[in-house]
Structures are given as structure tokens and as C-alpha cells.
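Okay, here's what each chain looks like letter by letter:
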Amino acid sequence: MPVTQAITAAALRQELTELKTLDRSQARTMPPGFYTSGDFHELEKEHIFRREWICVGHAGEVQEPGDFFTTEVAGEQLLVTRGHDGEVHVLSNVCRHRGNLVETEASGKRRSFVCQYHAWTYATDGALKTAPLMKNAKNFEMKGCRLPQFKTEIWSNFIFVNLDGTAEPLAPQLEVLDGILHNYHNEQRNLLFTDEGVWNTNWKNLTENFMEGYHLFATHPKTLQPMTPTQLCRKVPGEARWTAYRSYYDPEFPPRGPFHEDMTEDEQRNTVLFNIFPSFVVAVAANYTLYLCLRPAGADKVAIRWGVAGFKTDPQDPEVISYVDLCKSFNAEDREKLETLQVAQNTRYFRSGPLAPDDLEGTIWDFLGYMGRMLGADRDL
């Protein structure tokens, strides 16, 4: 048994409950088992990722009817489509016949979806169109047979899914965040780049890393620190569903236009970074939006679907390419640190450490508060 299992899921839940009682001045990190325990990972999948709103991608990935991409959340195979009705649908990617995958490609465009096992065919909204040689099957009724469809919501061009169908509507929970982002007009930005990958680190490590500016000066001394120095990070008061901070630009750094005409001078000089709990992290800069849809792929792995949006329309524009290359560079720097962090967390001797002040790591404290509300020992799971 790995040494990281020495602290049980029950003990981690109790630790989360105790954290909630602490004053902010006593804020601390969680012990390493929080990021390495297989048992705790299973609790997260069942009680967070199968019950909360999870972002699976950008609406620009399914721009036209018939466009699709496939993904997965907590073991559930998903088919995300733009139906011929113009609506975005998140469907089960599992055939209603013998349970094989309906669509095996990562993305593309289809008039309909055909399971290659027995050629059952489904419309872009999931309705069954044909089932070869099933006419005389006595226990089969084609009418009403369809791929299960999951509860879906589009917010600011991002596609969210709720697997168990019980989550409260998302948009009303983000009204204050909408107000903060309004003048940036993320909803008008075009999808310019997407990519996928798997990093060898726990999903919470990457979530926390993205949401704190404390590491910028040490991890990104040449990529981000000259532009958005650690010293200019400012925490934004968050809410139960999200946390955020503003990363201000060095006054000596050139302006980052083009700017939307609604943006104030202050908004032109900072990026808003936010986490819609549990695992959707976004940086809305003056000119571009960088987003990461994070999904646990194991206790020590995170699957990432990420992309860049902006006011420009041509993905091959040199400025777009330059910005994407910058993102790739600092992502690589983060990956290196987070994968060594995961190695280091396989220890029983580190307990927890103090969090930096609010402007630097207050967002992590907000995130741990969310985890406590979801999985604390005082909650009946």
C-alpha cells in the first residue's frame, strides 16, 4: 500500500471540516494525501464531478450543425454535438444496443452518428434513426429510444454539463462574476485554438496553481513575471460558486489591445483569473481568453481540454500564434513544477503549510472552503 494511503479519506474529510473553523490568518494547505489518495479521489468523482456543473469545452468547438467532439467526465463517455435544431447537446456516447462507443473520433462533423459495432444510427440530438434487422425483436421499441441526454447549460460560450441532473441552474450563481467580466465581453470572443493533454499531477494541484499569482516570479520569471508580476496580484471577493483575482500588468509593459470599447482604463491593465468550482479555470485578459477544462484522470493525473479565444477571427494571425505560443510556454513551466510536486506529495512526513496572504493565495483558501462544503466530515455523503 502506498505510504500516501496512510491518511484515510475519512481523516481528510475531517481535516476539511477543521479548516472551515479556522480564521483566515490561520489558513493552511491540506496534507499530501488530499492530492494522492485513491479513496479520496473516488469520493471526488462520485460527490463532485457526477453532481456539479463541469465545463467540458467551448461552444466554438461545435459551431455548426453536425459538429461534435467526444470527452469524458468521471468515467462517463460523452458526445457533445450541435444538433440540426441549432442546440448544443451533451449525450451519452454509449450505444443503446450493446453498450459500445457510438463515436470513436475525437471531433469532426457528422450528419448522424453510427455505432460501428452493429450500425445503430442516431440523429445529432441523440434520437435513434435506424436499428438494422431489429424489426422483429419482440422486446424492442424504436419509438422513444435515444442516447441519454445530460443537463446542459451554456455560460459565456462555455459548455457545462451536470451528470446527475440535480444541480441548480448555473447562470444565477455567477451573476456577480458576470458583472466583473462584463466589459471584457468574453461572449464576443472567437475560439482560436484548442488542445488536449494529460499531466501527471492531481487535478487540484493544477486548479490551485492556475488560481494563485504567488508562483509567477519563481516559476515564470521570463514568461509571465515581466508582464504580470506577482507583486501586482489583487484578490477579488468570491462567492460559493467561484473565486477570482486580478493580475495587473507592469506599468512598463506595452498595452495589450485590441480593447473592447466598453473597457475602462483599469480593466485594460489587468487580467481576471477565476475558478468556477470545482475545476474550470479561466484567464480573461484585455485581448484574449485562456481557459482550461480540468477532469481527474486518476489520483495522480489530470486531463486537460484547453483553448484560447479572442476578438480576432483568423487563428493563423501572427499575433494569435504568438499568444498561443506564450500559453504553451508557461503551461510547460507549470507542468514541470506540478509533476515534481506530485512526486513530492508521495510522503508521509509533510503535514501542511501556511498559505500566503489573500492577494497571493486567498483563492486557494476559497477553493479549500468549497471542498470542505462538498466533502467535509460534517456532510452526510
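What you are looking at is a predicted structure, and each value in this text was computed from that prediction instead of being measured. Starting afresh in each chain, residues are numbered from 1 along the sequence in its written order. Side-chain atom pairs in this predicted model are given and counted only at pLDDT of 80 or more, local residue features only at pLDDT of at least 70, and totals for whole chains, interfaces and linings cover all residues. Neither water nor hydrogens contribute to the side-chain values; these are computed over all heavy atoms in the structure.

Engineer: Please explain the nonpolar core as it appears in this structure.
Structural biologist: One recurring pattern in soluble globular proteins is that nonpolar side chains are buried together. Side-chain atoms within 4.5 Å are what join buried Ala, Val, Leu, Ile, Met, Phe, Trp, Tyr and Cys residues into a set we call a nonpolar core. Relative accessibility decides the category of a residue: with a 1.4 Å probe and only protein chains considered, values under 20% of the type maximum give buried, values over 50% give exposed, and everything between is partly exposed. Residues Phe 34, Ile 159, Leu 290, Leu 292, Val 308 and Met 371 are the most contacted members of the largest nonpolar core, which totals 67 residues. At nine residues, helix H8 (residues 358–375) tops the list of elements feeding residues into this core. Core analysis: the second largest hydrophobic core is formed by 27 residues, Ala 167, Ala 244, Phe 274 and Ala 286 among them. Here a strand is any run of E in DSSP of at least two residues, a helix any run of H or I of at least four, and the numbering for each starts at the N terminus.

Engineer: Just checking my understanding: could you explain the pattern of salt bridges for this structure?
Structural biologist: Side chains carrying opposite charge are able to pair once their charged atoms draw close together. Any Lys or Arg side-chain nitrogen found within 4 Å of a carboxyl oxygen on Asp or Glu counts as a salt bridge. With the rule as written, the count across this model stands at 16 salt bridges. What you see here is one network of salt bridges that share partners, running through Glu 15, Arg 28 and Arg 351.

Engineer: It is not clear to me how the packing of aromatic side chains should be interpreted in this structure. Could you clarify?
Structural biologist: The relation between two aromatic rings is expressed through the spacing of the ring centres and the mutual angle of the planes. Ring geometry is summarised as follows: Phe, Tyr and Trp rings, the Trp one being its six-membered ring, pair when their centres sit within 6.5 Å, and such pairs are stacked at plane angles under 30 degrees, edge-to-face over 60 and tilted between the two. As enumerated under the stated definition, the model contains 15 aromatic pairs in all. Ring pairing ties together the aromatic residues Phe 49, Trp 203, Phe 277, Phe 367 and Tyr 370, which thus form one cluster. Our definition puts a charge over a ring when NZ of Lys or CZ of Arg is within 6 Å of the ring centre and also within 35 degrees of the ring normal. The positively charged end of Lys 204 is found above the aromatic ring belonging to Phe 34, 4.7 Å away from the centroid. Taking NZ or CZ as reference, Arg 305 lies 4.0 Å from the ring centre of Phe 69, over its face.

Engineer: It is not clear to me how the sheet that holds strand S9 (residues 151–155) should be interpreted in this structure. Could you clarify?
Structural biologist: Strand pairs in the sheet, formed through backbone hydrogen bonds, run parallel or antiparallel to each other. Should DSSP find at least two bridges between two strands, the strands are taken to pair. Judged by pairing direction, the sheet is antiparallel, and its three strands sit side by side in the order S1-S10-S9 without closing on themselves. Each end of this open sheet is capped by a strand with a single partner; those strands are strand S1 (54–58) and S9. Along the sheet, successive strands turn relative to each other by an average axial angle of 30 degrees, direction set aside. Here S1 pairs with strand S10 (residues 158–162) via four bridges, running antiparallel. Note on S10: the bridge partner recorded for Cys 55 is Phe 160. Axis definition: a line fitted to C-alpha atoms, limited for helices to the stretch in contact. Angles are taken between N-to-C directions and run from 0 to 180 degrees.

Engineer: Is there a simple way to explain the environment of Phe 193 in this structure?
Structural biologist: For Phe 193, the position within the fold is in strand S11 (residues 190–199). Distance from Phe 193 to Ala 309, taken between C-alpha atoms, is 7.0 Å for residues 116 residues apart in sequence. Among residues more than four places away in sequence, those in contact with Phe 193 are Trp 306, Gly 307, Val 308, Val 324 and Lys 328. Contacts are assigned to residue pairs that have any heavy atoms within 4.5 Å of one another.

Engineer: What should I look at first to understand the pairing of strand S4 (residues 88–92) in this one?
Structural biologist: It is a general feature of regular strands that their side chains alternate between the two faces of the sheet. In terms of burial, S4 is a largely internal element, five of the five residues being buried. Two elements, strand S3 (residues 76–82) and S4, share five bridges in a ladder whose sense is antiparallel. Each bridged residue has a counterpart across the sheet, and for Arg 82 the counterpart in S4 is Val 88. Hairpin connection from S3 to S4: five residues lie between these consecutive antiparallel strands, with Gly 86 at a positive phi of about 85 degrees.

Engineer: How do you make sense of helix H7 (residues 318–344) when you look at a structure like this?
Structural biologist: At 3.6 residues per turn, the α-helix brings residues three or four places apart onto the same side. Expected span, for any helix, means 1.5 Å times one less than how many residues it has. Taking 1.5 Å as the rise per residue, H7 with 27 residues should run 39 Å; its terminal C-alpha atoms sit 39 Å apart, in good agreement. Looking at the buried side of H7, the elements it contacts are helix H2 (33–36), S11, helix H5 (203–210), helix H6 (216–219), strand S16 (288–296) and strand S17 (302–310). Backbone nitrogen of Glu 319 and a side-chain oxygen of the N-cap are separated by 2.8 Å at the start of H7; the cap is Asp 317. Definition of a polar contact: a pair of N or O atoms within 3.5 Å, with one able to donate and the other able to accept a hydrogen when the atoms are protein atoms, and with sequence-neighbouring residues admitted only if both atoms are side-chain atoms.

Engineer: I tried to follow the sheet that holds S11 on my own but got confused; where do I start?
Structural biologist: With antiparallel pairing, seven strands are arranged side by side in an open sheet as S11-S17-S16-S15-S14-S13-S12. The two strands at the open ends of the sheet, each matched to only one other strand, are S11 and strand S12 (233–239). Pairs of neighbouring strands in the sheet enclose a mean axial angle of 15 degrees, with direction left out of account. Of the strands in this sheet, S12, strand S13 (242–248) and strand S14 (270–276) are in contact with H8, which crosses S12 at around 25 degrees.

Engineer: For this particular structure, what's the right way to read the side chain of Asp 334?
Structural biologist: In this fold, Asp 334 is placed in helix H7. No salt bridge is formed by the buried Asp 334; the nearest opposite charge belongs to Lys 337, separated by 7.8 Å. Engagement of the side chain of Asp 334 in a polar contact is seen with the side chain of Asn 209, the distance being 3.2 Å. Apart from the residues within four sequence positions on either side, Asp 334 is in contact with Trp 199, Asn 209, His 215, Thr 219 and His 220. Charge assignment in this entry is limited to Lys and Arg as positive and Asp and Glu as negative, and neither His nor the chain termini are counted.

Engineer: Is there a simple way to explain the pairing of S10 in this structure?
Structural biologist: Along S10, five of the five residues are buried, which leaves the element largely enclosed by surrounding structure. The alternating pattern of S10 places Phe 158, Phe 160 and Asn 162 on one face and Ile 159 and Val 161 on the opposite face, and all of these are buried. For S9 and S10, the ladder comprises five bridges, and the chain directions are antiparallel. Each residue of the ladder has a partner; that of Glu 153, found in S10, is Phe 160. The turn linking S9 back onto S10 is made up of two residues, and Ser 156 within it adopts a positive phi angle of 50 degrees.

Engineer: Got a minute to help me understand the packing of H5 against H7 in this structure?
Structural biologist: Each pair of packed helices gets described by two things: the angle between the helix axes and the distance between those axes. The interhelical angle for the contact between H5 and H7, taken along N-to-C directions, is 135 degrees, at an axis separation of 10 Å. By the angle class used here, H5 and H7 are oblique. The two elements H5 and H7 cross, and the hand of that crossing is right-handed. Of H7, the residues touching H5 (which contributes Asn 205, Leu 206 and Asn 209) are Asp 334, Leu 338, Leu 341 and Gln 342. Residue classes in the contact of H5 with H7 are distributed as three nonpolar, three polar and one charged. Convention used here: angles under 35 degrees read as roughly parallel, angles over 145 as roughly antiparallel, angles from 65 to 115 as roughly perpendicular, and any remaining angle as oblique. Note: crossing handedness is left-handed where the near helix turns anticlockwise from the far helix by less than a right angle, and right-handed where it turns clockwise. The classification used treats Ala, Val, Leu, Ile, Met, Phe, Trp, Tyr, Cys and Pro as nonpolar, Asp, Glu, Lys and Arg as charged, and all other residues, Gly among them, as polar.

Engineer: Help me out: how do you make sense of helix H3 (residues 38–49) in this one?
Structural biologist: Taken together, the buried positions of H3 are Phe 40, His 41, Glu 44, Lys 45, His 47, Ile 48 and Phe 49. In this structure Ser 37 caps H3, since a side-chain oxygen of it lies 3.3 Å from the backbone nitrogen of Asp 39.

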